[in-house]
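Residue-level structure breakdown
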Amino acid sequence: MQRVSSNSSMQRSASQSAFPRNVSAERLEELVELGEALSTNKDAAPVPKAEDVSATHLDHYAITLANRHRVTTAKQRGKPLLIQRVEQNVGILQQAYHLVTEAIMSGRRISSAEEWLADNYWMINEQMHMTRKHLPPGYSNEMLLLENTETAGFPRIYGLVFNLISLVNAQLSEDNICQFVKSYQKVSPLTIGEIWGIPIMLRLGLIENIRLVCDEIIANRKDRNTADLWADKLLDAADVSSKDVVQVLYTMSQSIPKVSHAFVLQILQRLQGSDPLLSVITTWLEQQLSTQGLDVDDINRGERYTNHLNLVRLRNSIISLRFVNSYSWKEFVEDLSHLEAILRKDPAGIYARQDFETRDMCRRALEGIAKANKKDEKDVALSVLRLAQRAHTEYVTLQRQFQQDEELPEESNKGLTREQQCYILDFALRKSFVGYYLLDEHGISVLKTTENLKVDWSTYISKRFQVDAPVFLFLGGIASITLFFVSVVLSLLASSLNYSSTWWFLYEQARQSLLVTLILLLSVTLTGSQLAIGLVNSIIVHLMKPRMIPRMDFQNGIPDPYRTMVVVPTMITSMDGAHELVNDFRARFL
């Protein structure tokens, strides 16, 4: 009988939430073929544990899910569904928290799940704020959206994460996340943007899981509050007469044609040990339950089971939120990115020795090129690798040729000088580095020309101005704004003094006093230039992002080929000066 009572509460919350609940048992058996004795009704099954889902099951389920997913690049009109869902979840969680807080302040009994919500709401609220902060309005339109399955209209990566959370009952770990995503990518590789979006989507999925519990908490808490109101009326009526008790009971039966389980349990608890006149209420409630094939013991067991399910789901979600918040996602992104595996084949061997920020800069540059040309990121990465391998072959050929030239007698070697050879070899080695075709302007031009990729002219012109004419861009902006300011001020002065034009105003003022006119022009120009400098600086800071210089990763020490000598001219004039120089030497070394 537990099953029936649990179903009732589950159906009630599902009717309040237009979003899919956890994966059903039938689907688990069909897609994953779990060897567990799961009932055809998921609410009657034992509470699933993450360790019950093996790596094989995760792999099978992820591959099946990837085959089912169909994506679209169409943009959603208006507010994206993901943003709408986040806002709904925030409202539901706040409502549940306020209801639980009100119950605590009133001295009412609360369930274990409600206690967990009250104790950990600060952390959940912090995660919700963080999620909304890192989820800009245009984020969904940059992702591939699903056009089928229960998460249609949501980003594909959200559909993947939501199914993973459902499968492992929100017990996330590094192993099951990596295994699931790797298996999914065997069929449908994710973009680098989608992989970077996994942490925020995990937070959203876990908050969605908590929201499902909060739906039940809100419904149960409202039913219990309603039961308290009727219990107060019945107790007041019992103090008057049995006729008043019957009248209140009749009114209650008319306003509540079908009682919920939470209502029954709460009103029975309130009326327990009260006036014998109220035994008629117990009889009426038992009759109501008998029409559903239940009794009070059944709903007691069912309510305990449902509360246990909610507690496990809420506890797992909160613990997983802490894991997501504390986990370092840098290595995760590189381990799961198919672009990383391609770029690490860099024939020059430089890419893998760079620091994480530089490698990520290469990946994001590749993502931008692929997105601008509507090409698959993997295809662009392979094109970059082919160009680098071709350049590396040329580098090896040149190296052998120059080595042969060195073996010739000096009088017969009419070739390049040693310095010229080193320059040519350095440039050839540079072209055999995959990052050359992603970060260097000349390398990007070679890539676009070779692969017939289109040029983003707005970005190209902007970069040309920044690189080739930064002084012209800066001074030209200041001069233009200053000139505009001076012309506006002088025009206003001329109009106020009834002059037909600005030039006529300046001519008349110069005829009367040239010195005063020059002072006027100088003061207006200086004022305008100060305004222009501040405005141009502000525009440059907001529009032109700083260009990060590619760096090597020398955290574990500088390799011998990269060691160099730093010469600091100095004079030793005293012992104190010598000690200070030694300390400075140590600081420079570190």
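Keep in mind it's a predicted model, so treat the numbers as computed, not measured.

So, about the overall build of the protein. Helix and strand counts for the protein stand at 26 helices and 2 strands. The buried share among the 590 residues of the protein stands at 42%. Residue pairs at least 24 apart in sequence account for 76% of intrachain contacts in the protein once pairs closer than 6 positions are excluded. With the model as given, the accessible surface of the protein reaches about 32800 Å², and the carbon-plus-sulfur share is 56%.

With that out of the way, let us pick up the confidence of the model for the protein. Mean pLDDT over the protein works out to 81, with 85% of the residues at or above the 70 mark. Note on residues 1-48: pLDDT is under 50 here. Beyond four places in sequence and across chains, it has 112 contacts.

Counting 90 residues, the largest nonpolar core has Leu117, Leu172, Phe180, Met201 and Phe332 as the members making the most contacts within it. When residues of this core are assigned to their parent elements, the largest contribution, 12 residues, is made by helix H10 (residues 198-238). Not counting residues up to four positions away in its chain, the partners in contact with Leu172 are Leu164, Ile165, Ile177, Leu202, Leu206, Ser320, Phe323 and Val324. One finds Phe263, Trp284, Leu285 and Ile299 within the second-largest nonpolar core, a separate group that totals 25 residues.

Opposite charge on two side chains permits them to pair, given that their charged atoms come into close proximity. Counted according to the given criterion, the structure contains 25 salt bridges. Among the salt bridges present, the one from Arg221 reaches Glu114, with a minimum N-O distance of 2.9 Å. Here Arg221, found in helix H10, pairs with Glu114, found in helix H5 (residues 112-133); they are 107 residues apart in sequence, far enough to count as distant. When sorted by exposure, Arg221 lands in the same class as Glu114, which is buried. A salt bridge links Lys330 to Glu357; its shortest N-O distance comes to 3.3 Å. Linking Lys330 in helix H15 (residues 330-336) with Glu357 in helix H17 (residues 356-373), this pair joins segments that are 27 residues apart in sequence.

A few words now on the packing of aromatic side chains. Under the counting rule described, the total for this entry stands at 11 aromatic pairs. Consider the rings of Trp329 and Phe332, whose centres lie 4.9 Å apart with planes at 90 degrees: the pair is edge-to-face. For Trp329, a relative accessible area of 10% corresponds to the buried category. Ring geometry for Tyr499 against Phe505: centres 5.4 Å apart, planes inclined by 65 degrees, an arrangement best described as edge-to-face. Of the residues examined, Tyr499 reaches a relative accessible area of 21% and is grouped as partly exposed. On the basis of relative accessible area, Phe505 is assigned to the buried category, the value being 3%. Among the aromatic residues, those joined into a ring-pair cluster are Phe323, Tyr327, Trp329 and Phe332. Taking the ring centre of Trp230 as reference, the NZ or CZ of Lys233 above it sits at 4.4 Å.

The phi torsion at Asn169 lies on the positive side, around 55 degrees, for a residue other than glycine. Even without being glycine, Ala170 reaches a positive phi, approximately 65 degrees. Structurally, the position occupied by Ala170 is in the loop between helix H7 (156-167) and helix H8 (174-185). Here Ala170 falls in the buried class, since its relative accessible area comes to 0%.

Running from amino to carboxyl end, helix H12 (residues 261-271) crosses helix H14 (residues 296-326) at an angle of 110 degrees, the nearest separation of the two axes being 10 Å. Between H12 and H14, the angle is such that the two are roughly perpendicular. Helix-helix and strand crossings are classified by hand; for H12 and H14 the assignment is left-handed. Residues His261, Ala262, Val264, Leu265 and Leu268 of H12 touch H14, and the partners they reach there are Val296, Ile299, Asn300 and Glu303.

This paragraph deals with a nonpolar patch on the surface. Together, Leu416, Tyr423 and Ile424 make up a nonpolar patch on the protein surface, roughly 300 Å² of accessible area in all. Locating Ile424 in the fold gives a position in helix H19 (residues 418-431).

The next subject is the packing of H7 against H10. The contact between H7 and H10 brings their axes to 9 Å, and the two run at 50 degrees. Judged on the interaxial angle alone, H10 and H7 are oblique. The way H7 lies across H10 gives a crossing that is right-handed. When H7 is examined against H10, the residues Ile157, Tyr158, Val161, Phe162 and Ile165 are found in contact with a partner set consisting of Ile198, Met201, Leu202, Leu204, Gly205, Leu206, Glu208 and Asn209. Residues belonging to the contact of H7 with H10 are distributed by class as follows: 10 nonpolar, 2 polar and 1 charged.

Looking at helix H21 (residues 441-450), one finds that the buried residues are Glu441, Gly443, Ile444, Leu447 and Lys448. For H21, the angular spread of the buried residues around the axis is 160 degrees, confining them to a single face. Facing away from the buried side of H21, by more than 90 degrees, are the exposed residues His442 and Thr449. Among the residues of H21, the N-terminal cap falls to Asp440, whose side-chain oxygen and the backbone nitrogen of His442 are separated by 2.9 Å. Positive backbone phi, at 55 degrees, marks Asn452, one or two positions downstream of H21.

What follows deals with a negative patch on the surface. Among the surface-exposed residues, Glu174, Asp175, Glu331 and Asp335 lie close enough to one another that they form a single negatively charged patch. Every element with two or more residues in the negative patch is listed here: H8 and H15. Within the secondary structure, Asp175 sits in helix H8.

With respect to the secondary-structure elements, Tyr395 resides in helix H18 (residues 377-407). We classify Tyr395 as buried; its relative accessible area is 14%. For the pair Tyr395 and Asp426, spaced 31 residues apart in sequence, the C-alpha separation works out to 8.8 Å. Leaving out residues up to four positions away in the same chain, Tyr395 has contacts with Leu425, Ala428 and Leu429.

Scoring rules and cut-offs
Residues numbered from 1 in each chain as written. Predicted model: local features only at pLDDT ≥ 70, side-chain atom pairs only at ≥ 80, totals over all residues. Heavy atoms only, no water. Helix = DSSP H or I, 4+ residues; strand = E, 2+ residues; numbered from the N terminus. Buried < 20%, exposed > 50% of the residue type's maximum accessible area, 1.4 Å probe, protein only. Contact = heavy atoms within 4.5 Å. Areas by Shrake-Rupley, 256 points an atom, 1.4 Å probe, with all protein chains shown as cover. pLDDT = per-residue confidence, 0-100. Core = buried A, V, L, I, M, F, W, Y, C linked by side-chain atoms within 4.5 Å. Salt bridge = Lys/Arg side-chain N within 4 Å of Asp/Glu carboxyl O. Phe/Tyr/Trp six-rings, centres within 6.5 Å; stacked < 30°, edge-to-face > 60°. Lys NZ or Arg CZ within 6 Å of the ring centre and 35° of its normal. Axes fitted to C-alpha atoms, helices over the stretch in contact; angles between N-to-C directions. Parallel < 35°, antiparallel > 145°, perpendicular 65-115°, else oblique. Left-handed = near helix turned anticlockwise from the far one by under 90°. Patch = residues over 30% accessible without salt bridge, like charges linked within 9 Å, V, L, I, M, F, W, Y side chains within 5 Å. Nonpolar A, V, L, I, M, F, W, Y, C, P; charged D, E, K, R; others polar. Arc of directions from axis to C-beta. Polar contact = N/O pair within 3.5 Å; in protein donor to acceptor, adjacent residues only side chain to side chain. Lys, Arg positive; Asp, Glu negative; His and termini not counted. Charge placed at Lys NZ, Arg CZ, Asp CG, Glu CD.

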